[in-house]
Every structure is written in C-alpha cells, then in structure tokens.
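Read off the chains here:
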Amino acid sequence: MSEQDKGSACTVASPPGSDIYKGWLFKWTNYLKGYQRRWFVLSNGLLSYYRTQAEMAHTCRGTINLAAAHIDTEDACNIMLSSGGRTYHLKASTEVERQRWVTALELAKAKAIRMVNDQSGKNISSSTAVLTAYFELQGALKTLASKLDDLCTCNDLIAKHGAALQRSLSELEALRVLVEGGEKIKAVNERATLFRITSNAMINACRDFLQLAESHSRRWQRVLQHERDQRTHLEETIEQLAKQHNNLERAWRKAPSLAPDTHPPLTRVSRASWAKDPSDEDEGTEYFDAMEDSPAFITVTATEPSQHRSSTLSYNNMTGKEVQSCRKRRSQIPSKPNYSLNLWSIMKNCIGKELSKIPMPVNFNEPLSMLQRLTEDLEYSDLLDKAAGCESSLEQICLVAAFSVSSYSTTVHRTAKPFNPLLGETFELDRLDECGYRSLCEQVSHHPPAAAHHVMSQRGWTLWQEITIASKFRGKYLSIMPLGTIHLQFHRSGNHYVWRKVTSTVHNIIVGKLWIDQSGDIDIINHTTKETCQLKFYPYSYFSREVPRKVTGVVADGEGQAHYILSGTWDERMESAKIVQRNRGNSGTEGKQKTIYQTLAPRLLWKKCPLPENAENMYYFSSLALSLNEEEVGVSLTDSRRRPDQRMMEEGRWDEANAEKQRLEEKQRAVRRGGRLPTMQSYHPLWFHQRTDPVTGETSFVYKGAYWEAKERQDWSMCPDIF
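In the annotation of an unreviewed UniProt entry, the protein chain is listed under the name Oxysterol-binding protein and assigned to Electrophorus electricus. Within the UniProt record for the protein chain, the comment given under Subcellular location (unreviewed entry) is "Membrane". Here the protein chain is described in UniProt, under the heading Sequence similarities (unreviewed entry), as follows: "Belongs to the OSBP family."

Asker: I'd like a description of the overall build of the protein chain, backed by residues and values.
Answerer: Check the secondary structure of the protein chain and you find 15 helices and 28 strands. In the protein chain, which comprises 723 residues, the proportion classed as buried is 40%. Summed over its atoms, the accessible surface of the protein chain is roughly 39,900 Å², and 53% of this surface lies on carbon and sulfur atoms.

Asker: An account of the packing of aromatic side chains is requested, with residue identities and associated values reported.
Answerer: Evaluated as defined, the whole model comprises 16 aromatic pairs. Look at W515 and Y540: their rings are 5.5 Å apart centre to centre, the planes differ by 80°, and that puts the pair in the edge-to-face class. Here W515, found in strand β20 (residues 515-526), pairs with Y540, found in the loop between β21 (532-537) and β22 (550-556); they are 25 residues apart in sequence, far enough to count as distant. The class of W515 is partly exposed, set by a relative accessible area of 29%. Taking the relative accessible area as the measure of exposure, Y540 reaches 43% and is therefore partly exposed. The rings of W687, Y707, W708 and W716 are connected pair by pair, giving a single aromatic cluster. When the ring centre of W24 is taken as reference, the NZ or CZ atom of R37 above it lies at 3.7 Å. The ring centre of Y538 lies 5.4 Å from the NZ or CZ of K536, which sits over that ring.

Asker: Give a detailed account of the sheet that holds strand β7 (residues 86-91), specifying residues and quantitative values.
Answerer: Spatially, β4-β3-β2-β1-β7-β6-β5 is the arrangement adopted by the seven strands of the open sheet, whose pairing is antiparallel. The open sheet has two edge strands with one neighbour each: β4 (62-65) and β5 (70-72). Pairwise comparison of adjacent strand axes, ignoring direction, gives a mean angle of 30° for this sheet.

Asker: How would you sum up the nonpolar core? Please name residues and give values.
Answerer: By size, the foremost hydrophobic cluster in this structure holds 66 residues, and its most contacted members are W461, I524 and L535. Broken down by element, this core gets its largest block of residues, nine residues, from helix α11 (residues 393-406). Every residue in contact with W461, bar those within four places of it in the chain, is listed here: L378, S381, L384, D385, A388, Y437, V455, M456, L488, Q489, F490 and H491. By size, the runner-up hydrophobic cluster in this structure holds 20 residues, among which are F40, I64, A92 and W101.

Asker: I'd like a rundown of the pairing of β20, residues and numbers included.
Answerer: Here strand β18 (residues 496-499) pairs with β20 via two bridges, running antiparallel. Looking across to β20, one finds that Y497 is bridged to N526. Sheet topology places strand β19 (residues 503-507) next to β20; five bridges connect them, and they run antiparallel. Looking across to β20, one finds that V506 is bridged to I516. Taken together, the six bridges between β20 and β21 define a ladder with antiparallel strand orientation. Following the sheet pairing, I525 is matched in β21 by T532. Taken together, β20 and the strand that follows it, β21, pair antiparallel across an intervening segment of five residues, in which K530 is found at a positive phi of about 70°.

Asker: Break down the side chain of N363 for me, with residues and values.
Answerer: Summarising the element assignment, N363 is placed in the loop between α8 (343-347) and β10 (365-369). Within the structure, the side chain of N363 is placed 3.4 Å from the side chain of N658, a separation counted as a polar contact.

Asker: Break down the pairing of strand β12 (residues 426-431) for me, citing the residues and quoting the values.
Answerer: By the criterion of burial, β12 is predominantly enclosed, with six of the six residues buried. Taking every second residue as pointing to the same face, both faces of β12 are buried, with T426, E428 and D430 on one and F427, L429 and R431 on the other. Note: β12 against strand β13 (residues 437-445), six bridges, orientation antiparallel. Counterpart to E428 in the pairing with β13 is L440. Between β12 and the antiparallel strand that follows it, β13, lie five residues; G436 among them carries a positive phi value of about 85°.

The rules we used
Residues numbered from 1 in each chain as written. Predicted model: local features only at pLDDT ≥ 70, side-chain atom pairs only at ≥ 80, totals over all residues. Heavy atoms only, no water. UniProt positions renumbered as here; feature names shortened; annotations may be inferred. Helix = DSSP H or I, 4+ residues; strand = E, 2+ residues; numbered from the N terminus. Buried < 20%, exposed > 50% of the residue type's maximum accessible area, 1.4 Å probe, protein only. Areas by Shrake-Rupley, 256 points an atom, 1.4 Å probe, with all protein chains shown as cover. Phe/Tyr/Trp six-rings, centres within 6.5 Å; stacked < 30°, edge-to-face > 60°. Lys NZ or Arg CZ within 6 Å of the ring centre and 35° of its normal. Pairing = 2+ DSSP bridges. Axes fitted to C-alpha atoms, helices over the stretch in contact; angles between N-to-C directions. Core = buried A, V, L, I, M, F, W, Y, C linked by side-chain atoms within 4.5 Å. Contact = heavy atoms within 4.5 Å. Polar contact = N/O pair within 3.5 Å; in protein donor to acceptor, adjacent residues only side chain to side chain.

Shown next as structure tokens:
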C-alpha cells in the first residue's frame with residue numbers, strides 16, 4: 001500500500017464506544033482488483049460499506065451483523081470478519097488504525113449480543129412511537145444500564161491490554177539493560193497500573209449514579225402517573241364533545257329532509273335524544289329552525305350518498321325520482337388492525353429496485369387495488385359536469401384544471417400501498433343513477449404494470465387514460481412517476497383536453513412519520529382551441545415561506561395571452577381570478593421583465609369535503625373510497641371486489657391475506673411458466689385494444705366496447721380464472 005493510499009484511508013470517526021463509527025478501510029474484492037478502498041459505517045451492531053460517502057443516501061453494498069460474527073486479526077493491519085458464510089477481509093492503513101477498528105467492533109458486537117438477548121421472546125407493538133412517559137423513564141434507565149455495560153466492556157478491554165502491557169514491560173525489565181532504562185520502564189509500569197485503577201473508579205462512580213437514578217424513579221413515576229391520568233381525562237372529555245358535535249350535525253342534516261307539514265317551523269329537540277348520554281338529561285333544550293323546502297336543499301339531499309360532492313357546485317336537474325333511485329352506499333369498513341412489522345428488514349435489500357417487483361406483505365397495503373385508486377380520480381366528477389355546461393372554453397379549462405388537481409386531495413394521508421392488480425384484473429364503477437357515469441379499468445400489462453381506464457358520462461363528457469406506474473425506492477424516500485396521458489372530451493363542444501400527472505414522493509420510508517408530497521408541472525392543452533393551462537405543484541421545503549402543497553397556474557388562449565390566474569393547494573381548494581389588466585414590471589434577478597396581472601376577486605372552483613367520521617382508523621378513505629370495494633352483484637369474474645386477499649385484509653384477517661396473496665402470485669407465475677398465459681407481447685386485453693390517437697399521435701389502450709353488454713347478459717365466459 002502506497003503512502004498516498006495510507007493517507008487517504010484515515011478514519012474520520014467518533015471515538016470507540018459511541019453509537020456510530022465510520023471511516024475508510026480497504027476491502028478484498030477479487031484476485032484481479034485486490035483490495036479496494038471502501039467507506040465503512042458501524043451502527044447498531046451492523047457493519048455496512050459503500051463505495052463512497054455519497055452512496056450512504058441511496059445504495060448499500062453490503063451489511064454484516066456483528067451479533068453472530070467472528071472477529072479475527074490476521075496480521076499487523078488486517079481484520080477478518082465472518083458471519084453466516086459471509087467473510088470480509090479488511091485492511092487498515094496503519095496498525096493503530098486497525099486497533100481502533102477492532103476495539104469498536106468488539107464493543108459493537110457485545111452490545112448487539114445484549115440487544116438480541118433482551119429482545120428475545122418479546123413482541124414489540126407498532127405503537128411504541130406513542131409510549132407514555134413511564135415507559136420513556138424505563139427506557140432511559142435501560143439506556144443508562146446499557147452505557148454502563150459499555151463502560152464495563154471498555155474496562156475489560158483496558159484490563160486485557162493493560163495486563164499485556166505489564167507483561168511486556170516485565171519481560172523487558174528482566175533483560176539486562178541500563179539502570180536508567182530500567183527505572184523508566186518501572187515508571188511506565190506504575191502509570192499503567194494507575195490507569196487501570198482509575199478506570200475501575202470510573203465504573204464504580206457510574207454504578208453509584210445508576211443506583212441513585214433508580215432510587216428517585218418511584219417519585220418520578222408518581223408524577224408521571226398523575227400526568228397520564230390528567231391526559232386520559234382530557235382525551236375522554238374531548239371524545240365526548242366530538243361525539244356530541246357529530247350527533248348535532250347529523251340531526252341538523254336530517255331536519256331539512258322532513259316533510260314541512262310534519263313539524264312546525266320551530267322544532268324543539270332535547271340534547272339527550274341525540275347524544276343518548278344519561279348525564280345530559282334534564283339539562284335543558286336547544287332550538288333549531290326547521291329548513292324551508294327548496295330546490296337547493298333537495299340537491300344536497302340527493303347527493304348525500306356521495307358526500308364527497310363539493311357543496312359549492314350544485315345542480316338543479318336532480319329530480320325527486322332520481323333521489324329515490326340512488327342506492328345507499330356503505331359509509332364504513334372494519335378498523336385497521338394494529339400489527340407491527342419491521343419495515344427495514346424488508347426494504348434494506350430493495351434499494352434502487354422497481355417497487356412493483358418487490359414482494360410486499362399486506363401490512364404495507366390498503367384494501368384497494370391500483371385500479372380502484374385510479375377510479376378515485378372521479379371523486380369530484382361534478383366539476384366535469386359543470387364544465388360540460390360552460391359556454392366559454394376558457395372557463396371550462398379552469399374547471400378541468402381544478403378537476404386534475406382534485407385527484408390528489410385523497411392522497412395527503414394515504415401513505416399505504418394499493419394492491420398490484422393481476423394481469424387481466426378489472427374494476428367497474430357504475431354510478432349512472434347517482435352521478436351519471438360508468439367507469440371501467442383493466443390491467444393490460446404486468447411488466448411494466450399498466451392500466452387502461454374509460455369513463456362515459458351521460459352529462460356530456462368522456463374520459464380515458466392509460467397509466468403506467470414507474471417507481472423507485474431511494475432509501476429515504478419513494479418516487480412514484482405515473483407515465484401516460486389523460487384524455488377528456490366534451491360532447492357538445494368537441495373540446496379535447498390532454499394532460500399528464502405529476503410525480504408523487506413518499507418521504508421518511510425508514511425513520512419518522514410517512515408523508516406524501518406532489519411536485520412537478522401539468523400542462524393541460526385543449527387541442528380543439530389550442531388554449532392551455534400551465535399548473536405548477538411546488539415541492540415542500542422546510543425553509544420555504546410558501547404555503548405547503550401550493551399550486552399555481554395560468555390559463556392562456558391560443559395566442560398565448562393569459563386570461564385567468566389559478567391558485568390554491570392540492571389538498572384543500574382551488575380558485576380562479578380573471579385578469580383585467582396586464583402591466584410590464586421591472587426586470588427580475590435574471591434580467592427578464594416580469595408581467596404584473598391585475599385580477600378580479602378570486603372565485604372558488606373546488607373545495608375538498610371533509611373525510612368521513614373515524615377515517616383515521618379506516619385508512620383515511622374518503623366517502624367514495626369506502627364504497628369502492630363494497631360487494632356488488634353481477635360484476636365481472638375478474639373484478640377487484642372478488643380478489644380474496646384484498647377482501648381478507650379489509651376484514652382484518654391479515655395473516656390469511658398474506659398467505660392468499662402469495663398463492664395468487666404463485667398461481668400467476670405457474671400459469672405463465674406452463675405456457676397457459678400469453679407473454680406480455682402477445683397478451684390481448686378483453687375490453688381494451690391499442691390504437692393511435694389522432695390528436696396526439698400516441699399509441700395507447702382505448703375501450704373497444706362490449707363490457708356493459710356482457711354484464712347485462714351476465715355472460716362472463718370469456719373471462720380468465722385469475723383468482
């Protein structure tokens with residue numbers, strides 16, 4: 001090893017005994033390349049290595065668990081680690097550097113063995129992130145004890161090396177040397193003995209501190225128990241108030257639906273009749289004005305089964321007959337079980353891989369398929385109903401832009417992964433009576449995963465899209481890139497709109513609370529009039545002063561002149577403001593002259609409706625999402641509602657769902673290996689076929705018809721057996 005290499009291999013690390021130790025070492029690769037310089041990180045009983053320090057953010061080249069590892073020193077600078085058939089031959093730049101690493105490795109191994117012994121036989125719940133102060137105190141005491149064990153290990157190592165030093169000095173002292181040299185050796189020997197005595201005193205002092213902390217722990221526990229009781233009482237009070245509030249809301253919603261001749265204009269209702277709480281009896285009454293019978297309230301009542309409708313966009317063409325024909329959809333599903341799972345044990349070997357190719361247990365899923373998630377784009381389809389009636393194409397594109405943004409509002413709390421559809425899996429959503437549309441999705445490709453979607457509305461529009469999901473796990477975050485084009489055409493005007501989706505990013509995959517962000521640009525183009533809308537989704541930044549999840553946009557005509565400014569957030573609302581005057585401003589920092597728009601007061605385009613009650617325990621599903629997996633009679637044999645593992649997960653039988661998921665995946669592999677399933681190149685979907693779009697020139701899967709006719713005949717003989 002050259003002197004230059006030795007200098008470059010020095011360790012920039014914490015001192016031995018700390019939780020993390022890292023630095024450069026040379027690792028044996030093969031006989032052609034020999035020893036190669038690698039960056040090693042020792043943390044939590046694991047020794048990992050990377051080619052460079054920058055790779056720590058995304059790619060780990062290998063990891064060895066020290067709990068069951070054997071540490072051996074071959075010569076002055078070499079270290080050999082072996083565990084489970086895996087062996088690392090490492091070389092330090094100097095003997096001193098080698099000894100530092102050996103000490104750090106021995107400490108980490110001792111700590112890892114203690115952790116394994118402490119955790120054996122224990123079932124750690126996933127709710128440990130919300131431990132009470134009592135358990136935090138116990139954890140602190142355990143940490144102190146662990147640090148004390150580390151000091152004991154250090155003491156043992158010091159005693160071991162000190163004894164060896166004293167033996168060496170004794171051997172030198174026995175030799176015939178000068179008197180002056182012998183006296184110096186004796187002085188060094190005395191200092192080594194003094195050092196060992198000092199380390200023992202340090203251990204005793206730490207032990208005394210731990211005993212003192214334990215003696216005061218009972219008093220701390222009483223104080224913490226009092227705080228826990230106060231917190232529990234406060235939570236119960238808030239829960240009781242929330243229940244009373246919800247009961248009041250439900251009673252108010254029912255009031256306008258009552259016949260006007262049933263109740264007088266002023267209705268007297270006792271609070272006890274709503275809350276059903278004995279403690280509220282005889283405490284008085286409250287009065288609520290009965291609502292007058294008007295078309296506006298009839299419209300609200302008509303859309304009640306689909307509470308996801310925006311209250312700002314109502315229609316007067318819903319008759320009483322249509323209201324009676326609307327089916328009552330379910331409003332709740334079984335609560336999500338509280339199961340624990342070690343995410344890192346699954347994800348650490350998947351860094352840089354395609355997400356759809358990673359075998360995942362249902363613990364990371366939500367009980368909906370990707371086809372059903374795609375159908376959730378129709379959450380606010382009433383925006384398109386209103387856009388179909390617009391006389392101005394510029395106002396129409398504003399509503400189309402609000403619709404494209406609204407499709408992300410359901411994702412703000414939805415950090416779970418939907419089920420990957422099987423090849424040939426379908427999902428229909430027949431909302432002809434309630435919302436005027438019929439929707440059909442089909443999984444048309446498996447690798448890469450691609451789904452085709454077609455929606456036909458009797459209220460004047462048709463939407464179709466083919467989406468391929470590309471995703472990469474980057475270690476700290478997960479990037480989801482939807483590839484494909486969304487088409488929307490209005491029947492009366494013939495306006496044909498095209499746009500694409502933005503990138504979704506899931507942060508804190510390994511450590512911390514999961515959160516989702518949307519970033520990128522959406523260019524909506526009206527190919528009929530050449531009008532455009534440019535939307536920008538701003539990525540979240542801790543140091544930014546902007547509103548989180550901000551979205552801005554500009555609507556321009558075919559000549560490029562701006563007419564509307566759009567603003568809002570992708571999780572709450574969107575507004576439009578009409579431009580009345582344009583002025584040229586001063587030059588910006590880059591020398592470009594900025595345009596200043598004067599607008600009228602903004603007009604609300606879309607506002608997100610609140611989630612259903614208890615949504616946090618139902619995967620944060622919206623009203624539409626709660627109804628998507630509801631069992632329906634007459635759907636196709638390949639419909640996602642019939643998928644058994646997804647149904648078991650929804651019912652809370654996760655262990656059975658995991659076994660069923662493996663069975664379905666293995667069944668599809670066996671069919672493909674046996675030649676009974678066509679290859680990706682020769683596979684032909686049942687309800688979609690590839691065509692070249694005359695507007696964009698792109699080739700994509702479009703609906704070829706016959707599904708709804710087959711459903712009417714109840715003839716599913718052409719469907720494959722995928723479940």
